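Per-entry structural report
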Amino acid sequence: MTEETARTGEFVQSLERGLAVIRAFDADHSQLTLSEVARATGLTRAAARRFLLTLVELGYMRTDGRLFSLRARILELGYAYLSSLSLPEVAQPHMESLVAQVHESCSMSVLDGDEVVYVARVPTKRIMTVAISVGTRFPAYATSMGRVLLAAQPSQWLDDYFGKAELRALTRRTVTDPTKLRTILNRICSQGYAIVDQELEEGLRSLAAPIRDADGAVIAALNVSAHASRGSSDVIRRELLPPLLGTAKRIEEDLRGGQVR
């Protein structure tokens, strides 16, 4: 809650709590009991029960009397935002061409708080243990696309980010030291791309490049991911970086051509 909304009394706390109930469910917690939801959100059991039963009545959740889970209708809440973006539509054919060329999966994401959220994806064979689709989120600091997007942020924004972000080691290779991450981000700014070597998941290497709008502002990131068995980081960079950068450039050319409203 910002000071302004608190001062004017325009902050709707019940909406905040309802959204917290929805966010309690994720890939690792697809089914939760009333007690688990209350514990995850900090709500009382009575309050959590009211929110859960309201969501069930509205068709956003289902329950068997003990366990609650999200229903597909919950996607409506994000669809309005995703469908308003024409960037994925412009990028999709270019991403498909890249995948056909390099035979590796390609994704596009934007920055949302401390996380990247996928807005477009063209998969090949599955190389991650976690299934990825439009709407999937990952912590920005441990992903190639996240680092590209973080590297484009102002220094003060990054100060705030590192002051509050939870930097957890997702693998034994994950960089979690803020000073080291700032150095990495500075290098990304200079070289124009990011490479992450098994920091999000063991066996996964990823390259990402920025997507800029007509004014030069970074609005998204594009990546290709490959299994470590394809080769070392140098091999991945040598084989995948040129086509990735070329694809990013063609997407940007379309943006400058006015194809995105």
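Before going into details, it helps to say that this report is about the structure given with it.

Calculation notes
- Residues numbered from 1 in each chain as written.
- Predicted model: local features only at pLDDT ≥ 70, side-chain atom pairs only at ≥ 80, totals over all residues.
- Heavy atoms only, no water.
- Buried < 20%, exposed > 50% of the residue type's maximum accessible area, 1.4 Å probe, protein only.
- Helix = DSSP H or I, 4+ residues; strand = E, 2+ residues; numbered from the N terminus.
- Arc of directions from axis to C-beta.
- Contact = heavy atoms within 4.5 Å.
- Salt bridge = Lys/Arg side-chain N within 4 Å of Asp/Glu carboxyl O.
- Phe/Tyr/Trp six-rings, centres within 6.5 Å; stacked < 30°, edge-to-face > 60°.
- Lys NZ or Arg CZ within 6 Å of the ring centre and 35° of its normal.
- 1 Å grid on protein atoms, 1.4 Å probe; cavity = no way out; pocket = protein on both sides within 12 Å on 5 of 7 lines; lining within 4 Å.
- Points joined across faces, edges and corners; volume = space filled by probe spheres on them.
- Expected span 1.5 Å × (residues − 1).
- Patch = residues over 30% accessible without salt bridge, like charges linked within 9 Å, V, L, I, M, F, W, Y side chains within 5 Å.
- Areas by Shrake-Rupley, 256 points an atom, 1.4 Å probe, with all protein chains shown as cover.

Quick notes on helix α3 (residues 34-41)
By the burial criterion, the buried members of α3 are Leu34, Val37 and Ala38. For α3, the arc enclosing every buried residue in end-on projection is 100 degrees, short of the 170-degree limit, so these residues lie on one face. Away from its buried face, by an angle of more than 90 degrees, α3 presents the exposed residues Arg39 and Ala40. Tucked into the core, α3 has its buried residues touching α2 (13-23), β1 (31-33), α4 (45-58) and β3 (67-70). Just downstream of α3 lies Gly42, where phi reads positive at about 80 degrees.

Topic: the pattern of salt bridges
Under the definition given, this model contains eleven salt bridges. Note that Arg147 and Glu199 form a salt bridge whose closest N and O atoms lie 2.5 Å from each other. On the criterion of sequence distance, the pair formed by Arg147 in helix α7 (residues 144-151) and Glu199 in the loop between β7 (194-197) and β8 (204-212) is long-range, its members being 52 residues apart. Exposure class is identical for Arg147 and Glu199. Each is buried. The residue Arg230 makes a salt bridge to Glu239 at a minimum N-O spacing of 3.0 Å. A relative accessible area of 30% means that Arg230 is categorised as partly exposed. What emerges from the salt-bridge pattern is a single network uniting Glu104, Arg230 and Glu239.

A short note on the packing of aromatic side chains
Applying the stated criterion across every chain yields a total of three aromatic pairs. On the basis of an interplanar angle of 75 degrees and a centroid distance of 5.0 Å, the ring pair of Tyr161 and Phe162 is categorised as edge-to-face. The class of Tyr161 is buried, set by a relative accessible area of 1%. Classification of Phe162 as buried rests on a relative accessible area of 13%. Three or more aromatic residues link up through ring pairs in this structure, and these residues are Trp157, Tyr161 and Phe162. It is Arg73 that lies over the ring of Tyr60; its NZ or CZ is 5.2 Å from the centre.

Topic: empty space enclosed by the protein
The full count for this structure, using the stated rule, is two cavities of 30 Å³ or more. What lines the largest cavity is a set of 14 residues, and nearest its centre among them are Thr143, Ser144, Leu200, Leu204 and Ser206. Mapped onto the lining of the largest cavity, the elements with two or more residues apiece are α7, β8 and β9 (218-227).

Considerations on α4
What sets the pattern is the α-helix's 3.6 residues per turn: residues three or four places apart point alike. End to end, α4 covers 20 Å across 14 residues, agreeing with the expected 20 Å (1.5 Å per residue, within 8%). Among the residues of α4, those classed as buried are Ala47, Ala48, Leu52 and Leu55. Within α4, the buried residues cover an arc of 130 degrees as seen down the axis, which keeps them to one side. Relative to its buried face, α4 has exposed residues pointing more than 90 degrees away, namely Arg50 and Glu57. Buried positions along α4 lie against α2, α3, β2 (61-63) and β3.

So, the environment of Ala248
By secondary structure assignment, the location of Ala248 is in helix α10 (residues 233-256). In this structure, the C-alpha to C-alpha distance between Ala248 and Leu222, residues 26 residues apart in sequence, is 6.9 Å. Sequence-distant contacts of Ala248, defined by excluding residues within four places in its chain, comprise Ala209, Pro210, Ile211 and Leu222.

A look at the side chain of Asn223
Examined against the element boundaries, Asn223 turns out to sit in strand β9. A relative accessible area of 3% places Asn223 in the buried class. Once residues lying within four places of it in the same chain are set aside, the contact partners of Asn223 are Ser105, Cys106, Ser107, Ser144, Met145, Ser206, Leu207, Ala208 and Leu244.

Notes on the environment of Glu253
Tracing the sequence through the fold places Glu253 in helix α10. Considering only alpha carbons, one finds Glu253 and Arg212, 41 residues apart in sequence, at a separation of 9.5 Å.

Quick notes on a nonpolar patch on the surface
On the surface, Val12, Leu15 and Leu19 cluster together into a nonpolar patch covering about 260 Å² of accessible area. Considering the arrangement of structural elements, one finds Leu19 in helix α2. Relative accessible area serves as the criterion here: at 37%, Leu19 is assigned to the partly exposed category.

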